[in-house]
Amino acid sequence: TRLLHMAPDLFIDYKPKRQDSLLEWCIQGQYLDTANTFPSSALAVRSVKQCLENIPMFTMWTTEAIDRLAQLCKPMLFDKGSVVLEEGETCLEMCLLLSGRVILTADDQVWVSVTAGPTGYWFGEEGVFLSETRRCTVKTDLPSQIVVIDKNLMSQVLEQFPDDRSHYNRFLQQWEENRRRLDYSLLHRHKGLLDIEVR
């Protein structure tokens, strides 16, 4: 089976070990299914699901709801230097970094570099809750596989799962209470990057 790794010019031919599942191996290696080896975008769905399961805002969602959201998400490939989210625009979505690396900049200054890691990374989740102005620009520092999830897509899934919507609304209430206790002078000075340091 020929698969394309995130490095743009690297092709491999993989012979899986007997105890390994090819799908699991490809998820762990953050490979792309350019040969359509797996049916129904199975590799992309599993990679997205693995990342979603590690995000606090989805911890109370049922497996069925997370599966549905993962099926609707469409990973996109971004070349090095691509702008994913831009400082100053209205926040309407969050992103999953499935593979690669991004840098966050504000006021033309680099604040932090974030690598996907073995289970992916997420950023911009406040955009799902609020319609504030984005504090940072997110740009790829390597070729990267990213999923953009807007609030409408999440609402569409939650309409199908009323219990999950109820749990999610409780999460939002708790999140808003915690946010009201934030030191905004500190938050604005660090452009929201304290959240990244905590993770």
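Here, every reference points to the structure presented above.
For every chain, the first residue of the written sequence is number 1, and numbering continues from 1 onward in sequence order. Where totals are concerned, whole chains, interfaces and linings use all residues; where local detail is concerned, this predicted model gives features only for residues with pLDDT of at least 70, and gives and counts side-chain atom pairs only at 80 or more. Based on all heavy atoms of the structure, the side-chain values leave hydrogens and waters out of the count.

S.K.: I tried to follow the packing of aromatic side chains on my own but got confused; where do I start?
M.R.: What characterises a pair of aromatic rings is the spacing of the ring centres plus the angle enclosed by the ring planes. The criterion for an aromatic pair is that two Phe, Tyr or Trp rings (for Trp, the six-membered ring) have centres within 6.5 Å, with stacked assigned to planes under 30 degrees apart, edge-to-face to planes over 60 apart and tilted to the rest. This structure, assessed with the given rule, holds three aromatic pairs. Measuring from centroid to centroid gives 5.7 Å for Tyr121 and Trp122, while their planes differ by 25°, and the two rings are stacked. Taken together, the ring pairs in this structure connect Phe58, Trp61 and Tyr168 into an aromatic cluster.

S.K.: Explain the sheet that holds strand β8 (residues 121–123) to me, please; I cannot follow it from the model alone.
M.R.: Backbone-to-backbone hydrogen bonds pair the strands of a sheet. The strands run either parallel or antiparallel. Strand order across the open sheet formed by four strands is β3-β10-β5-β8, with antiparallel pairing between neighbours. Each edge of the open sheet carries a strand with a single partner, namely β3 (76–78) and β8. Taking each pair of neighbouring strands and ignoring which way they run, the sheet shows an average axis angle of 35°. Here the rule is simple: two strands pair whenever DSSP picks up at least two bridges between them. In this text, helices come from DSSP runs of H or I with a minimum length of four residues, and strands from runs of E with a minimum of two, each type numbered from the N-terminal end. In this structure, strand β5 (residues 93–99) lies alongside β8, joined through three bridges in antiparallel fashion. By the bridge assignment for β8, Leu97 is matched with Tyr121. Note on contacts: a residue pair qualifies if any of its non-hydrogen atoms lie within 4.5 Å across the two residues. To obtain an axis, a line is fitted to C-alpha atoms, over the contacting stretch when the element is a helix, and the angle between two such axes runs from 0 to 180 degrees between their N-to-C directions. Packing of helix α2 (residues 42–52) onto the sheet brings it into contact with β5, β8 and β10 (144–150), and relative to β5 it is tilted by some 115°.

S.K.: How should the packing of helix α5 (residues 151–160) against helix α6 (residues 162–180) be read in this particular structure?
M.R.: Between two packed helices, what matters for the description is the angle formed by their axes and the separation of those axes. Running from N to C, α5 and α6 cross one another at 125°; their axes reach a closest spacing of 5 Å. In terms of their interaxial angle, α5 and α6 are classed as oblique. Contacts from Met154, Ser155, Leu158, Glu159 and Gln160 of α5 reach α6 at Pro162, Asp164, Arg165 and Tyr168. Taken together, the residues of the contact of α5 with α6 sort by class into four nonpolar, two polar and three charged. The scheme is simple: roughly parallel for angles under 35 degrees, roughly antiparallel for over 145, roughly perpendicular for 65 to 115, oblique for anything else. Throughout this entry, Asp, Glu, Lys and Arg are counted as charged residues, while Ala, Val, Leu, Ile, Met, Phe, Trp, Tyr, Cys and Pro are counted as nonpolar. The remaining residues, Gly among them, count as polar.

S.K.: Help me out: how do you make sense of the pairing of strand β9 (residues 137–140) in this one?
M.R.: For a regular strand, side chains alternate in direction, first toward one face of the sheet and then toward the other. Inspection of the sheet shows strand β4 (residues 83–85) paired to β9 by two bridges, in the antiparallel sense. When the bridges of β9 are listed, Val83 appears paired with Lys139. Sheet topology places strand β6 (residues 101–106) next to β9; four bridges connect them, and they run antiparallel. Residue Ile103 lies in a different strand from β9, and its bridge partner there is Lys139.

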